[in-house]
Amino acid sequence: QVQLVESGGGLVQTGGSLRLSCAASGSISSLNVMGWYRRAPGKQRDFVARINNAGDTNYANSVRGRFTISRDDAKNTVYLQMNGLKPEDTAVYYCNYYSTPYVYWGQGTQVTVSS
């Protein structure tokens with residue numbers, strides 16, 4: 001079992017920045033992918049960014065160039081640095097862990113960007 005705890009959400013103005021953290025604990029495999037997804041009210045949960053154990057990253061087109069995902073394996077933690085925030089970034093952000101054949105989710109952290 002893997003447990004994920006997100007933190008760092010909050011309320012910011014358009015153009016502001018936030019740094020989200022996701023701390024993982026439990027039976028963590030050395031081969032894994034961790035990432036961030038988000039869900040706006042009344043919408044589906046969408047992919048935001050991911051990073052594997054080798055440090056390879058992928059981003060959604062909507063956040064590429066503004067968001068940066070990173071990981072600290074010594075702390076079993078993944079981060080999402082969000083710059084140039086826009087109102088359309090407002091959502092609950094969820095941490096994700098994948099290691100075949102398992103998928104785990106955090107409970108989410110609210111990000112609100114005011115206009």
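For the structure itself, look to the data block above.
Residues numbered from 1 in each chain as written. Predicted model: local features only at pLDDT ≥ 70, side-chain atom pairs only at ≥ 80, totals over all residues. Heavy atoms only, no water.

Chemist: What should I look at first to understand unusual backbone geometry in this one?
Modeler: Working note: non-glycine residues mostly have negative phi, and peptide bonds are mostly trans. For the bond running from Thr100 to Pro101, omega is 0°, close enough to zero to count as cis. Here Pro101 shows up in the loop between strand 9 (91-99) and strand 10 (102-105). In this structure, Asn76 takes a positive phi of about 50° despite not being glycine. On the basis of relative accessibility, which here comes to 34%, the residue Asn76 falls in the partly exposed class. (Helix = DSSP H or I, 4+ residues; strand = E, 2+ residues; numbered from the N terminus. Buried < 20%, exposed > 50% of the residue type's maximum accessible area, 1.4 Å probe, protein only.)

Chemist: Got a minute to help me understand the packing of aromatic side chains in this structure?
Modeler: Any pair of aromatic rings gets described here by the distance separating the centres and the angle formed by the planes. In total, this model carries 4 aromatic pairs according to the counting rule given. Between Tyr97 and Tyr104, the ring centres sit 6.0 Å apart and the planes meet at 50°, which makes this aromatic pair tilted. With a relative accessible area of 2%, Tyr97 lands in the buried category. Classification of Tyr104 as partly exposed rests on a relative accessible area of 21%. Through successive ring pairs, a cluster of aromatic residues spans Tyr37, Phe47 and Trp105. One Lys or Arg, Arg19, reaches over the ring of Tyr79 and ends 4.4 Å from the middle of that ring. Across the ring face of Trp105, the terminal group of Arg45 is positioned such that the distance to the ring centre comes to 3.7 Å. (Phe/Tyr/Trp six-rings, centres within 6.5 Å; stacked < 30°, edge-to-face > 60°. Lys NZ or Arg CZ within 6 Å of the ring centre and 35° of its normal.)

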